Amino acid sequence: MSEEASKQLETMSLQEKSADAPAPAADAPAGGETKLSKNQLKKLAKGKGKKDKKDKPKWNQPGEGKKKKDDSKSKALSLPKPEFVNTTPKGHKKDLSATPMADAYHPQAVEAAWQDWWEASGFYSCDPKSAEGKSDDEKFVMVIPPPNVTGSLHLGHALTAAVEDTLTRWHRMLGHSTLYVPGTDHAGIATQSVVEKMLMKETNQTRHDLGREEFIKKVWEWKGEYGNRITTQLRKLGSSVDWSRERFTMDEMCSKAVIEAFNQFHEDGLLYRAERLGNWSCALKSAISDIEVDYIDLEGRTFLEVKTHKGNPNDTKGRYEFGVLTSFAYPIEDSDEKLIVATTRLETMLGDTAVAIHPEDARYKHLHGKHVVHPFNGRKIPIVCDAELVDMAFGTGAVKITPAHDPNDYECGKRHNLEFITVLTPEGAINNNGSQFEGMMRYDARIAVEEALKEKGLYIGKEPNKMRLGLCSRSGDILEPMITPQWYVNCDGMAKRATDAVRNGELKIVPEEHEKTWFQWLDNIRDWCVSRQLWWGHQIPAWFATKKGEEGVSKLDMNNNDRWIVARNEEEAYAKAEKVLGCSRDEISLERDEDVLDTWFSSGLFPFSVMGWPEQTDDLKAFYPTSLLETGLDILFFWVARMVMMGLQLTDSLPFHTVYLHAMVRDKDGRKMSKSLGNVIDPLEVINGCTLETLLAKLDGGNLPPKEVARAKKDQAEDFPDGIPECGSDALRFGLLAYTVQGRDVNLDMKRVVGYRLFCNKLWNATKFALQFVSDFQPTANILDELMSSGKMACRDKFMISRLMACCDTVNTCFQNYKFGDAQAASYSYWMNDLCDVYLELIKPVIKDTSEENKDSRWAAQATLWIALEAGLRILHPMMPFVTEELWQRLPGRGTLGDSETESIMLAEFPLCNEAYSNPESEQSMETTMNVIKACRSLRQQYNIANKVSTHFFVKVASGQPADSIKSQIDDIKTLGRASVVDVNIDEDSIPKSVGIIVVDETTTVLMDIKGLVDYVAEIKKLQKQLSKNAHPLTQLEQKIAAPGYEENVSDDIKAKNLDNLNGLKKKAADIEEAIANFKALEELEKN
């Protein structure tokens, strides 16, 4: 060991021991300037304050020192970002021999080049030939939940990536055949909307101006230019996906699977075309499924903005009225009598085709079989009796019926064979069935109809009414029930198989509390509307067949449904059409359905379409079914249920055997992370760092209302006054995993995540320091076995290996059970508590002693440390891939350990617990010893003993294990307790009278000789000063309690609080007086 290193060892400070492993906080600087103890990290994580000004650097890094007194919390997150240039050629391995280890951890420098090298080296790929035939326990296959190609990842996606890649890297290190398949979703509605807006902005054209073919070309151009943002983010996050198998849901392989699935559903009798009432988005001009509907509840009269309308002229803000029940009268035919009805959607009266009454309602018995007259078009509208729909006690007992625009009325219309009159265009304007209101947008027509009814004397009034509005989850538009022809998939049989799979244990949902929701939804499933009126997406493989020159055959007429030919291609469609129409191909005209499939249709095929289904490819044989589906709870039905149903139906097997649903990520206030709230943070902003100005500018460039912008800016400025510091991917991943211990929702405080940057810094500096201890050590391929059989290990060495085994066992068990937060905490505690706080400190004098007598002990300490570092890095690697690779590559002996040594840590074996190497006795011994050390430290602190002064301790301990432990670890007590001598169970007469005493427990007492070490006069003066300061508030409180009227006029809560305060002050005074008496007694002893 060098002289410089020896001197450095002498300067190393002692760290405080803590049993907990909390998340660190970001309320202190890092980046090589401040090294915080774990207790400080814990306090900071809870927002309890800043670093103690007197705290010294823990790892003695150059440039470290005391903080300036005027350092403020506003600068606590500022991390210096040094200039860095990546000189490693893309795809090459980083040459660490040419780069000395930096004085501090800098994420950009550490994480550079590794991802490109891993990818270029083929470490992420998996040979299907090696995987085929292996059992489920020997392979791990997972597909990424394909994010929308339009967007960029947010922190919810980052949590998904952290969990999935942790599992993937863990399984790979276990030696399993491992495949993690990436991909993106074409996101029909979102992508078409983005490109349409871009087209209008750049060329002032609509998609209809271009035509379908040219517009689709534009979308593909957009995808080529902007669609790689997500893959960039995934690479920065360190996701070890097999990029050679990257899929896009509209690429050739996935498109082939979509066409085949549509055809198979049709051939199995599950797919059909029908005209039904469904959800219609006027903004998108498309149908959407039931589970794509968001709801808002209105307590009464409410004004809302409607973006598809020009604005209500009667409202200063242009908003439209909702949450009211409007009553009007229908004139009864050939009578002066009127029948009063009420509605929350007045414009729909233009499509009324009946008024329903209860058959037993005596008020309307005389109206059975009569008609009312529509006031605007003169149509005769029948009065029908319907006991199922009408509640006699509600309102007037008469209900207007609009079968084409209301679900309940739709069923009523079918029961009474009523006419179904649609009054809206796809854009939400009144159509030609709307009399004089034709062309008006729906809510403008609502106002106009009200005025027209007033003019005719038929308007009765309106009153506030609670109601629920359905909104399109894609566009935010208020949905309309509309009757349109669509393609549907009957899901009954598939849903039953999906629920049976969970009930019989074939499919496991984790956490299992979500099984109830799974059953509730699938047991009550409706047929799935799979068609969308868009251009971007998988065009439905169905053609409408007619004979050339044939007239009067409409594709919208459900009576002509047999003319719809479902086929895999146009050639097959012609062949089928020949049989349907009974004529030759040259007499047939085919028109392909313009609609596209619901985006979730192709996503539901993802686990097997990415493997090449329907072809029996090598990948499909080797990797399907997959092992696990990991995703967020929010798409349990959108995606997970559909994958299970489609997998069972099309491949006759479950697409995976386990579903793990991670918690929903919300902001620190519990709000959903949403662009509309301005609280979305890009993972790259955390990884690379981001200025406050950039964060605020992003809010200005969004679509938030001014009030929300102001609130979001205030939150950002409070949380990140100096912006978000550069944290790196490892800190982000590790911090996000810490949150998985929570339940359904994660209230994510970004400052806590940023705090894990400090842990990375600690990890870096601790390893850099520890490497000095093994600089002259040469490990071997079987170093652990050699160490354990050497007979050279001290108790501290056995303790360290035993703690390593415990950590291996805990982390492996946690990963197996998807307890990522617990795995993170266990690995954190191993590094912070066992390795850094205890073992590194204990072996300083052992390593420093290079004498021949100490040779075996020194070798054992070095071997133990190397093993603890190397295995500890492998334990962390699945969660923190970059920094662990960098540090692992820097360990001595790298490249000299024989054929079993891997090129990268990601290919190394994940540490497993060897029970034979667990040593509960050494752990118990260390616990006993550390309790004594804590008592030694407390005594030194109690009597203000300077660090440079060593003290003499006496330990009284019960015989047996406690005594044996203390005696065997006296050197360790001397090291950490700053002791000159430690005497155990010596004769009472040999213990001086002037001692400080701490009772550790019922078996152990620690005494410290303080003769000549304490200035009793000075200490007594300090205590008397404290006693004097305590006397004033004590006297004041006693006088307050004794004051006349106190008992009668003061509340019980205040009296109880005052009593607690009084008892506290009295106890403090008693403790100080006892300490003064103790010092006086010790002073007298020394005099005598």
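Participant: I tried to follow the overall build of the protein on my own but got confused; where do I start?
Facilitator: Scanning the protein from N- to C-terminus turns up 37 helices and 33 strands. The principal-axis extents of the C-alpha atoms in the protein amount to approximately 125 × 90 × 55 Å. Of all 1088 residues assigned to the protein, the portion counted as buried reaches 54%. Roughly 47,900 Å² of accessible area belongs to the protein as shown, and the carbon and sulfur atoms make up 47% of that amount. Here the protein contributes 137 positively and 165 negatively charged side chains, and the mean placements of these two sets differ by 5 Å.

Participant: It is not clear to me how the sheet that holds strand β30 (residues 951-957) should be interpreted in this structure. Could you clarify?
Facilitator: In sheet architecture, strand pairing relies on hydrogen bonds along the backbone and comes in two forms, parallel and antiparallel. Reading across the sheet, the 4 strands line up as β31-β30-β33-β32 and stay open at both edges, with mixed pairing between neighbours. Strand pairing shows two members of the sheet lacking a second neighbour, β31 (979-984) and β32 (995-999), which therefore form its edges. On average, each strand axis in the sheet is inclined to that of its neighbour by 20°, with strand direction left out of account. Pairing of β30 with β31, which is carried by 5 bridges, proceeds in the parallel orientation. Looking across to β31, one finds that Phe-953 is bridged to Val-982.

Participant: Which parts of the structure should I look at to understand helix α25 (residues 750-773)?
Facilitator: Think of an α-helix as 3.6 residues a turn; residues three or four steps apart then line up on the same face. With 24 residues, α25 extends 36 Å between its outermost C-alpha atoms, agreeing within 8% with the 34 Å of an ideal straight helix rising 1.5 Å per residue. In terms of burial, α25 is largely enclosed, as 22 of its 24 residues are buried.

Participant: In this structure, what is going on with the packing of helix α28 (residues 820-842) against helix α30 (residues 855-876)? I would like to understand it.
Facilitator: Close contact between α28 and α30 brings their axes to 11 Å; oriented N to C, the two are set at 165°. Between α28 and α30, the angle is such that the two are roughly antiparallel. The element α28 and its partner α30 pack so that their crossing is left-handed. Note on element contacts: α30 touches α28 through Ala-860, Ala-861, Thr-864, Leu-865, Ala-868, Leu-869, Gly-872, Leu-873, Ile-875 and Leu-876, opposite Ser-827, Tyr-830, Trp-831, Leu-835, Tyr-839 and Leu-840. Taken together, the residues of the contact of α28 with α30 sort by class into 13 nonpolar, 3 polar and no charged.

Participant: Even after reading the chapter, I still don't get the pairing of strand β33 (residues 1004-1009), so can you show me in this structure?
Facilitator: Looking down a regular strand, the side chains alternate between one sheet face and the other. Counted residue by residue, β33 has 6 buried out of 6 residues, so it is predominantly covered. The alternating pattern of β33 places Thr-1004, Val-1006 and Met-1008 on one face and Thr-1005, Leu-1007 and Asp-1009 on the opposite face, and all of these are buried. Bridge analysis of β30 against β33 gives 5 bridges, and the strand direction is antiparallel. Bridged to Lys-956 within β33 is Thr-1005. Note that β32 and β33 share 5 bridges and pair antiparallel.

Participant: Please clarify how the packing of aromatic side chains should be interpreted in this entry.
Facilitator: Given two aromatic rings, one states the distance between the centres and the angle between the planes to describe the pair. Throughout the structure, instances matching the rule amount to 37 aromatic pairs. On the basis of an interplanar angle of 70° and a centroid distance of 5.6 Å, the ring pair of Phe-262 and Trp-487 is categorised as edge-to-face. Taken together, the residues Phe-262 in helix α11 (residues 252-267) and Trp-487 in strand β18 (residues 480-489) connect sequence positions 225 residues apart. On the basis of relative accessibility, which here comes to 0%, the residue Phe-262 falls in the buried class. Residues Tyr-660 and Tyr-818 carry aromatic rings whose centres are separated by 5.2 Å and whose planes lie at 20° to one another, so their mutual orientation is stacked. Remark: Tyr-818 occurs in the loop between α27 (795-816) and α28 and Tyr-660 occurs in strand β27 (residues 658-662); sequence separation between them is 158 residues. One aromatic cluster is present, formed by Phe-262, Phe-265, Trp-487, Trp-528, Phe-544, Trp-564 and Phe-601 through successive ring pairs. The ring of Phe-519 has Arg-503 sitting right over it, with the charged end atom 4.0 Å from the ring centre. The cationic tip of Arg-585 hangs over the ring face of Tyr-574; the distance from NZ or CZ to the ring centre is 4.2 Å.

Participant: Just checking my understanding: could you explain the sheet that holds strand β6 (residues 286-288) for this structure?
Facilitator: The strand order β6-β5-β18-β20 describes an open sheet built from 4 strands, whose pairing is antiparallel. Two strands bound the open sheet, and with one partner strand each, they are β6 and β20 (528-529). Judged from the 10 bridges that link them, strand β5 (residues 271-281) and β18 form a sheet pairing that is antiparallel. Opposite Glu-275, over in β18, you have Pro-485 as the bridge partner. Against the sheet, helix α12 (residues 407-416) touches β5 and β18, its axis set at about 140° to β5.

Participant: Any chance you could explain the pattern of salt bridges here in plain terms?
Facilitator: Here the idea is simple: oppositely charged side chains can pair when their charged atoms come close. Applying the stated rule across the entire model yields 64 salt bridges. Glu-214 is paired through a salt bridge with Lys-217; the nearest N and O atoms lie 3.4 Å apart. Here Glu-214 and its partner Lys-217 are both found in helix α9 (residues 212-226), 3 residues apart, which amounts to about one turn of the helix. On the basis of relative accessible area, Glu-214 is assigned to the partly exposed category, the value being 38%. On the basis of relative accessibility, which here comes to 42%, the residue Lys-217 falls in the partly exposed class. Ionic pairing is found between Glu-260 and Arg-568, a salt bridge with its closest N-O pair at 2.7 Å. On the criterion of sequence distance, the pair formed by Glu-260 in helix α11 and Arg-568 in the loop between β23 (564-566) and α16 (570-581) is long-range, its members being 308 residues apart. The partly exposed category is assigned to Arg-568, whose relative accessible area is 26%. Connected through shared salt-bridge partners, Arg-301, Glu-321, Glu-450, Glu-451, Lys-454 and Lys-462 make up one network.

Participant: Can you help me understand the packing of helix α22 (residues 692-700) against helix α23 (residues 706-719) in this one?
Facilitator: Packed helices, taken two at a time, are described by the angle between their axes plus the distance between the axes. It is the contact of α22 with α23, at a shortest axis distance of 10 Å, that shows an interaxial angle of 165°. As far as their axial angle goes, α23 and α22 are roughly antiparallel. As α22 runs across α23, the sense of the crossing is right-handed. Contact residues: α22 offers Leu-692, Leu-695, Leu-696, Leu-699 and Asp-700, while α23 offers Val-709, Ala-712, Lys-713, Gln-716 and Ala-717.

Participant: Please clarify how the nonpolar core should be interpreted in this entry.
Facilitator: As a rule of thumb, nonpolar side chains are buried together in soluble globular proteins. Grouped together as the largest cluster of nonpolar side chains are 119 residues, with contacts concentrated most on Leu-748, Met-750, Trp-831, Leu-835 and Leu-865. The element that contributes the greatest number of residues to this core is α25, accounting for 13 residues. Setting aside its immediate chain neighbours within four residues, Trp-831 contacts Phe-759, Leu-763, Thr-767, Cys-836, Leu-869, Gly-872, Leu-873 and Leu-876. Counting 67 residues, the second largest nonpolar core, distinct from the first, contains Val-258, Phe-606, Trp-639 and Met-646.

Participant: Just to check I follow, could you spell out the side chain of Asp-972 for this structure?
Facilitator: Summarising the element assignment, Asp-972 is placed in helix α34 (residues 970-977). At 2.9 Å, the side chain of Asp-972 forms a polar contact with the side chain of Gln-969. Apart from residues no more than four positions distant in its own chain, Asp-972 is found in contact with Arg-796, Leu-842, Ile-933 and Gly-977.

Rules of the game
Residues numbered from 1 in each chain as written. Predicted model: local features only at pLDDT ≥ 70, side-chain atom pairs only at ≥ 80, totals over all residues. Heavy atoms only, no water. Helix = DSSP H or I, 4+ residues; strand = E, 2+ residues; numbered from the N terminus. Buried < 20%, exposed > 50% of the residue type's maximum accessible area, 1.4 Å probe, protein only. Areas by Shrake-Rupley, 256 points an atom, 1.4 Å probe, with all protein chains shown as cover. Lys, Arg positive; Asp, Glu negative; His and termini not counted. Charge placed at Lys NZ, Arg CZ, Asp CG, Glu CD. Pairing = 2+ DSSP bridges. Axes fitted to C-alpha atoms, helices over the stretch in contact; angles between N-to-C directions. Expected span 1.5 Å × (residues − 1). Parallel < 35°, antiparallel > 145°, perpendicular 65-115°, else oblique. Left-handed = near helix turned anticlockwise from the far one by under 90°. Contact = heavy atoms within 4.5 Å. Nonpolar A, V, L, I, M, F, W, Y, C, P; charged D, E, K, R; others polar. Phe/Tyr/Trp six-rings, centres within 6.5 Å; stacked < 30°, edge-to-face > 60°. Lys NZ or Arg CZ within 6 Å of the ring centre and 35° of its normal. Salt bridge = Lys/Arg side-chain N within 4 Å of Asp/Glu carboxyl O. Core = buried A, V, L, I, M, F, W, Y, C linked by side-chain atoms within 4.5 Å. Polar contact = N/O pair within 3.5 Å; in protein donor to acceptor, adjacent residues only side chain to side chain.

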